[in-house]
Protein chains: 2
Amino acid sequence: MTQTKKIPYKIYLEESEMPTQYYNVRADMKKKPAPLLNPATLKPMTAEELSQVFCTELVKQELDDTTPYFDIPKEIQDFYKMYRPSPLVRAYCLEERLGTPAKIYYKFEGNNTSGSHKLNSAITQAYYAKKQGLKGVTTETGAGQWGTALSMACAYLELDCKVYMVKVSYEQKPFRREVMRTYGAYVTPSPSETTAIGRKILAEHPGTSGSLGCAISEAVEAATSQEGYRYVLGSVLSQVLLHQTVIGLETQKAMDKYGIKPDVIIGCAGGGSNLGGLISPFMGQKLRGEADYQFIAVEPASCPSLTRGVYAYDFCDTGRVCPLAKMYTLGSGFIPSAHHAGGLRYHGMSSILSELYDQGLLEARSVEQTQVFAAAEYFARVEGILPAPESSHAIKVAIDEALKCKESGEEKTILFGLTGTGYFDLKAYENYNNGTMTDYIPSDEELAKSFATLPQVE
Amino acid sequence: MTQTKKIPYKIYLEESEMPTQYYNVRADMKKKPAPLLNPATLKPMTAEELSQVFCTELVKQELDDTTPYFDIPKEIQDFYKMYRPSPLVRAYCLEERLGTPAKIYYKFEGNNTSGSHKLNSAITQAYYAKKQGLKGVTTETGAGQWGTALSMACAYLELDCKVYMVKVSYEQKPFRREVMRTYGAYVTPSPSETTAIGRKILAEHPGTSGSLGCAISEAVEAATSQEGYRYVLGSVLSQVLLHQTVIGLETQKAMDKYGIKPDVIIGCAGGGSNLGGLISPFMGQKLRGEADYQFIAVEPASCPSLTRGVYAYDFCDTGRVCPLAKMYTLGSGFIPSAHHAGGLRYHGMSSILSELYDQGLLEARSVEQTQVFAAAEYFARVEGILPAPESSHAIKVAIDEALKCKESGEEKTILFGLTGTGYFDLKAYENYNNGTMTDYIPSDEELAKSFATLPQVE
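Numbering of residues begins from 1 in every chain and follows the order in which that chain's sequence is written. The naming scheme follows written order: chains are lettered A onward, ligands numbered 1 onward. Local features in a predicted model are, by the rule used here, given only for residues with pLDDT of at least 70; side-chain atom pairs are given and counted only at 80 or more, and totals for whole chains, interfaces and linings are based on all residues. Neither water nor hydrogens contribute to the side-chain values; these are computed over all heavy atoms in the structure.

Before we move on, could you go through the overall build of chain A and cite the residues and values that matter?
Secondary structure follows DSSP: runs of H or I at least 4 residues long count as helices, runs of E at least 2 residues long count as strands, and numbering of each begins at the N terminus. Looking only at helices and strands, chain A features 18 helices and 15 strands. A compact globule built from 458 residues should have a C-alpha radius of gyration of about 23 Å, and chain A, at 21 Å, falls within 12% of that. Principal-axis analysis of the C-alpha atoms gives chain A an extent of 60 × 50 × 45 Å. Looking at the 458 residues of chain A, the share that counts as buried comes to 67%. Contacts: residue pairs with any heavy atoms within 4.5 Å of one another. Residue pairs in contact within chain A that sit at least 24 positions apart in sequence constitute 76% of those at least 6 positions apart. Per element, the accessible surface of chain A, about 15,900 Å² overall, is 50% carbon and sulfur. The quantity called the radius of gyration is restricted to C-alpha atoms. Its globule counterpart is 2.2 Å times the number of residues to the power 0.38. Exposure is judged per residue with a 1.4 Å probe applied to protein chains only, and the accessible area is read against the type maximum: over 50% gives exposed, under 20% gives buried, and values in between give partly exposed. We get accessible surface area from the Shrake-Rupley algorithm with a probe of 1.4 Å; when it comes to residues, only the shown protein chains can shield them.

Describe the packing of helix 9 (residues 196-204) of chain B against helix 10 (residues 212-224) of chain B, listing the residues and the values that go with them.
Residue and element names in this part refer to chain B. To obtain each axis, a line is fitted to C-alpha atoms, and for helices this fit is confined to the stretch in contact; angles are then taken between N-to-C directions over 0 to 180 degrees. Close contact between helix 9 and helix 10 brings their axes to 8 Å; oriented N to C, the two are set at 145°. Together, A196, I197, G198 and I201 of helix 9 and C214, S217, E218 and E221 of helix 10 make up the contact between the two elements. Nonpolar residues are Ala, Val, Leu, Ile, Met, Phe, Trp, Tyr, Cys and Pro. Charged residues are Asp, Glu, Lys and Arg, and all others, Gly as well, are polar. Of the residues that constitute the contact of helix 9 with helix 10, the class distribution is four nonpolar, two polar and two charged.

Would you mind going over the relation of the copies chain B and chain A in detail, with residue names and values included?
C-alpha atoms of residues with pLDDT of at least 70 in both copies form the basis for the least-squares superposition of the copies. The two copies are related by a screw motion: chain B maps onto chain A through a turn of 180° and a shift of 0.0 Å along the axis, at an RMSD of 0.0 Å. Within this description, the copies of the chain are treated as partners about a two-fold rotation axis. The position closest to the rotation axis in chain B is occupied by the C-alpha of N111 of chain B, lying 3.0 Å away. With an isologous cut-off of 70% or more, the 100% of interface residues of chain B that recur at the interface of chain A puts this contact in the isologous class.

Lay out the packing of aromatic side chains with the relevant residues and their values.
Residues and elements named next belong to chain A. Aromatic rings from Phe, Tyr and Trp, taking only the six-membered ring of Trp, are treated as a pair when their centres fall within 6.5 Å; an angle between ring planes under 30 degrees marks them as stacked, one over 60 as edge-to-face, and anything in between as tilted. Applying the stated rule across the entire model yields 37 aromatic pairs over all chains. For the pair Y23 and Y69, a centre-to-centre distance of 5.4 Å together with 45° between the ring planes defines the contact as tilted. With a gap of 46 residues between them, Y23 in strand 2 (residues 21-23) and Y69 in strand 3 (residues 69-71) connect regions that are remote in the sequence. You can call Y23 buried: its relative accessible area is 2%.

Go over the environment of A312 of chain A with me, naming the residues and quoting the values.
Tracing the backbone shows A312 of chain A in strand 12 (residues 310-315). Among residues more than four places away in sequence, those in contact with A312 of chain A are A325, K326, M327 and T329 of chain A.

So what about helix 14 (residues 351-358) of chain A? Which residues, and what values?
Residue and element names in this part refer to chain A. Along helix 14, seven of the eight residues are buried, which leaves the element largely enclosed by surrounding structure. Residues of helix 14 that are buried include every one of S351, I352, L353, S354, E355, L356 and Y357, and no others. Buried positions along helix 14 lie against helix 11 (238-257), helix 12 (273-287), helix 13 (305-308), strand 12, strand 13 (324-329) and strand 14 (363-367). Any N or O atom pair separated by 3.5 Å or less is treated as a polar contact, with the protein-specific requirement of one donor-capable and one acceptor-capable atom, and with residues adjacent in sequence counted only for side-chain atom pairs. The backbone nitrogen of I352 lies 3.2 Å from a side-chain oxygen of the residue at the head of helix 14, namely S350.

Can you explain the nonpolar core? Please cite residues and give values.
Within the largest apolar cluster, 242 residues are counted, with the highest numbers of intra-cluster contacts made by I266 and F416 of chain A together with I266 and F416 of chain B. F416 of chain B has contacts with I104, Y105, Y106, K107, I266, L278, F379, A394, I395 and A398 of chain B, leaving out every residue within four places of it along the chain. For this analysis, a nonpolar core means a set of buried residues of the types Ala, Val, Leu, Ile, Met, Phe, Trp, Tyr and Cys, connected via side-chain atoms within 4.5 Å.

Go over the domain arrangement of chain A with me, naming the residues and quoting the values.
Residue and element names in this part refer to chain A. Looking at chain A, the domain boundaries give domain 1 (10-19 + 73-115 + 244-451) and domain 2 (23-67 + 118-238). By convention here, the domain bounds are inherited from an automatic or database domain assignment. Placing the centre of domain 1 and that of domain 2 at their C-alpha centroids yields a distance of 22 Å. In this assembly, 49 residues from domain 1 lie in contact with 45 residues from domain 2. With both chains or domains summed, domain 1 and domain 2 bury close to 4,000 Å², and 64% of this area falls on carbon and sulfur atoms. Any Lys or Arg side-chain nitrogen located within 4 Å of an Asp or Glu carboxyl oxygen qualifies as a salt bridge. Counting across the interface, domain 1 meets domain 2 through three salt bridges. Applying the counting rule to domain 1 against domain 2 returns 13 residue pairs in polar contact (both at pLDDT 80 or more). Put simply, the parts of the chain that give the side of domain 1 that touches domain 2 at least two residues each are helix 3 (74-83), helix 11, helix 12, strand 12, strand 13 and helix 14. Tallied by class, residues from the side of domain 1 that touches domain 2 come to 24 nonpolar, 17 polar and eight charged. Note: buried area is the sum, over both parts, of the accessible area (probe 1.4 Å) each one loses when the two are combined.

Mind laying out the sheet that holds strand 14 of chain A, listing which residues take part and the relevant values?
All names here are of chain A. The seven strands lie next to each other as 1-4-5-15-10-11-14, forming an open sheet whose pairing is mixed. Two strands lie at the open edges of the sheet, namely strand 1 (10-11) and strand 14, each paired on one side alone. DSSP bridges decide pairing: two strands pair if at least two such bridges lie between them. As defined by bridge partners, strand 10 (residues 264-268) adjoins strand 11 (residues 294-300) across five bridges and the pair is classed as parallel. Looking at the pairing, V264 lines up with Q294 of strand 11. Those strands touched by helix 11 are strand 1, strand 4 (88-90), strand 5 (103-108) and strand 15 (413-418), and its axis lies near 140° from that of strand 5. In the packing of helix 12 onto the sheet, the strands contacted are strand 10, strand 11 and strand 15, and the crossing angle to strand 10 comes to about 155°.

Outline the packing of helix 15 (residues 369-383) of chain B against helix 17 (residues 426-433) of chain B, supporting the account with residue identities and numerical values.
All names here are of chain B. Direction vectors running N to C along helix 15 and helix 17 enclose 100°, while the axes themselves pass 11 Å from each other. When the interaxial angle is binned, helix 15 and helix 17 end up roughly perpendicular. Between helix 15 and helix 17, the residues in contact are T370, F373, A374, A376 and E377 and A428, Y429, Y432 and N433, respectively. Tallied by class, residues from the contact of helix 15 with helix 17 come to six nonpolar, two polar and one charged. The labels follow the angle: roughly parallel below 35 degrees, roughly antiparallel above 145, roughly perpendicular from 65 to 115, and oblique for the rest.

A description of the interface of chain B and chain A should follow, citing residues and the corresponding values.
With 45 residues of chain B at the contact, the number on the chain A side is 45 residues. Approximately 4,300 Å² of surface area, both sides summed, lies buried where chain B meets chain A, with 54% of it carried by carbon and sulfur atoms. Where chain B meets chain A, there are four salt bridges. For the interface between chain B and chain A, the tally reads 29 residue pairs in polar contact (both at pLDDT 80 or more).

I'd love a proper account of the side chain of K103 of chain B, names of residues and values included.
For K103 of chain B, the position within the fold is in strand 5 (residues 103-108). Of note is the side chain of K103 of chain B, whose polar atom sits 3.2 Å from the side chain of E411 of chain B.

Go over the side chain of R90 of chain A, please, and point to the residues and values.
Residues and elements named next belong to chain A. Inspection of the secondary structure assignment puts R90 in strand 4. Within the structure, the side chain of R90 is placed 3.3 Å from the side chain of Y105, a separation counted as a polar contact. With residues near it in sequence (within four places) discarded, R90 still touches I7, P8, Y9, E95, K103, I104 and Y105.

Describe in detail unusual backbone geometry, supporting the description with residues and values.
Residue and element names in this part refer to chain A. The residue after R84, namely P85, is reached through a cis peptide bond having omega -10°. Along the chain, P85 falls in the loop between helix 3 and strand 4. The backbone of L42 shows a phi angle near 60°, a positive value even though the residue is not glycine. Along the polypeptide, L42 turns up in the loop between strand 2 and helix 1 (47-51). In this structure L42 comes out as partly exposed when scored by relative accessible area, which is 38%.

Residue-level account of the sheet that holds strand 7 (residues 160-166) of chain A, with values.
Residues and elements named next belong to chain A. In spatial order, the strands read 8-7-6-9; together these four strands make up an open sheet with parallel pairing. Of all the strands in the sheet, just strand 8 (186-190) and strand 9 (229-231) have a single pairing partner and so form its edges. Shown here is a sheet whose adjacent strand axes are inclined to one another by a mean of 25°, direction ignored. With three bridges joining them, strand 6 (residues 136-141) and strand 9 adopt parallel strand pairing. Pairing of V137 across the sheet is with R230, part of strand 9.

Please give an account of the environment of S169 of chain B that cites residues and values.
Residues and elements named next belong to chain B. Assignment of secondary structure puts S169 in helix 7 (residues 167-172). Exposure remark for S169: the relative accessible area of 14% places this residue in the buried category. Residues S169 and Q285, spaced 116 residues apart in sequence, show a C-alpha to C-alpha distance of 41 Å.

Now the structure itself:
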């Protein structure tokens, strides 16, 4: 395709061009992701079983692997208009500073108060909870992006929001906590005395600083033990990936408008929802044989589920109360080293991305965090935006690819997802600035030990 | 004018529609703002005198009250394209929640890493320093928005940036400090051992936590005592207000595009640069008799320079090393109560705005901070964006005006400036959330005492 118009620094779609449907990439996959299993029976979860924990409409989206498009309700489209479309940015300054013939684009999801893409799914999940007549939702949060996003969505819809925040984050990230409180959320440090599982953990491990697995268990208990509540989750699930396709759909439309075709598409991967959301519409074209792209998932070397994990059924939570998913996993007992600063700490990967990776349609790379922060700082100084540590994994590989083009002279078009800002991650930047940040790569023995926590299925 | 197009939630100009010149409102003022005076001779400052402290090109802009437009250099236009145009937002959700017939718009300047409009002038001042062949610039920062903005601009232009940060902020706002360091700035807690004035103050007041006045004095000394450095300032000066007119020019063009005419234009006012930047092009129309608008400056009741100050020559800094300006002032000895949380702590007001206020062209209101935070929280929950405490002064009065319309049934169009985000102000939000925030209004006796610090001029 020839580029006919001058490409602006930032491409914004008109409101009339914004997506009105989410795209379900599973519909175009010949071999589908494996179904969720009931942890008690090891049989596929039914809609009825899932509806005890999740909202009914979201359960439908979770289980449907054949319908290609789901309408975005008008109310959600209106909410999106408050912070979307997000800009597709041409990184002219970065290209010039690198001296690369490559053309670099990034889709920037950080221009909202949650500081990340998480809001895209938070509003949808909250909307269906409201529509179902529920009083509120419960969730867990670690770093806090998801909890903030959900608080914002619930405040907008005047819905109760109960967030179980890992105790160590609750204490070390008071500002994240206060954003959520400003949006009216009830934030409880986990483990807490408010749930049976919390009391049990506190009795067994007095003084524990908590874990994401424990916070999930508390949030699920809080949802299922109270009338009018359901549990919601910020990543990993297929429904979340579905909602995040708004990122990729906007990107694709913006690129089409200017006749731009990406050669390489790069995103960071924790649970996989942002990467899945960005690549889905492009992957759809690839699956249908309409176009070809190189896709790269970037993960931390300290939590390498795709590059060093196994493809197996595993628990989604360390508390083992959630369904089993078939995914690339390090074992639900895996806990990333305390050396690791950012998010992307999840032991597994979205079952959709796992299946695409297994089919060889998606590549994966792992990077060490000091390199990631070096790329982040370089990017911040040249492009202005202070990126989240998570997003900076994608920046690192985008820069690597651009430098390869400099060597080879290729004029590739590189697209990456800039999922969020680093305003609440300055403790990690401080460590980097002071030269006290270190890297950590788990040993084979360590991984073998956590693989041993995998359940025996099949 | 009739509204012919559907108004989107957010109006973005095309890059080709972005301003290429700043507008100098002084050119249209019949009675000009009074000139800066040399504190030693009490005679108007000459360009030569000012050039010892400020960059030559900026001195020209500072002194010129007749040229209506100044070209924005191509390099600055390119930098602006990385984070501008900023959106003009139609607050549909706020209108609906308030149940007002008023139409509310806000120009949102927070979508950049400095978190505010400060970057608009930081890049221009840094650009002229670079063009003059300087090695770097020095400045002071209190809350940190300005220091962050200047660090970003200097990183982009590869210019040294030395920031004297009030010691209490340096210690209580470590994240602000780290953003600046990430952008390569040298951040020094003030008072420091690095300057003669700093050493003097430390000897006289051991253990002092510093003040903005002291930090200014150190920054000016650091600029004038080193080859290749100049001092730059983030507000108050006419040059800064000039650069900030990019806000108003974009707003005006966006409104014209959709046939919108504001009735009331509201902004918060500390030193006055953001308000001046927003209203300048509209004030120009008023001064030329082409249109009429109501302009409202909103200031904290705890630092009420317009509503309770006097119009007189005063020192711009508590250290009394800078020129004298004629302005509405509380006296350079005035220090806002520690109860006051946000910015807008400056004792005086831009001489341009002061003169416009004195001529009755601009109104002023003062508001108490618990009301301001109540408005901020209300706004955040409805419109999504977590506003800076400074910006929330404007939100408070915009809501007041919208509620008046609800009572009277008037369909006024209200425009306000949303200057920044509150991501680094969560300590203040925490106080508000906990119900421990209080208000403070200085007594007449207290003001009389600080008026006594005014110099005898004329």
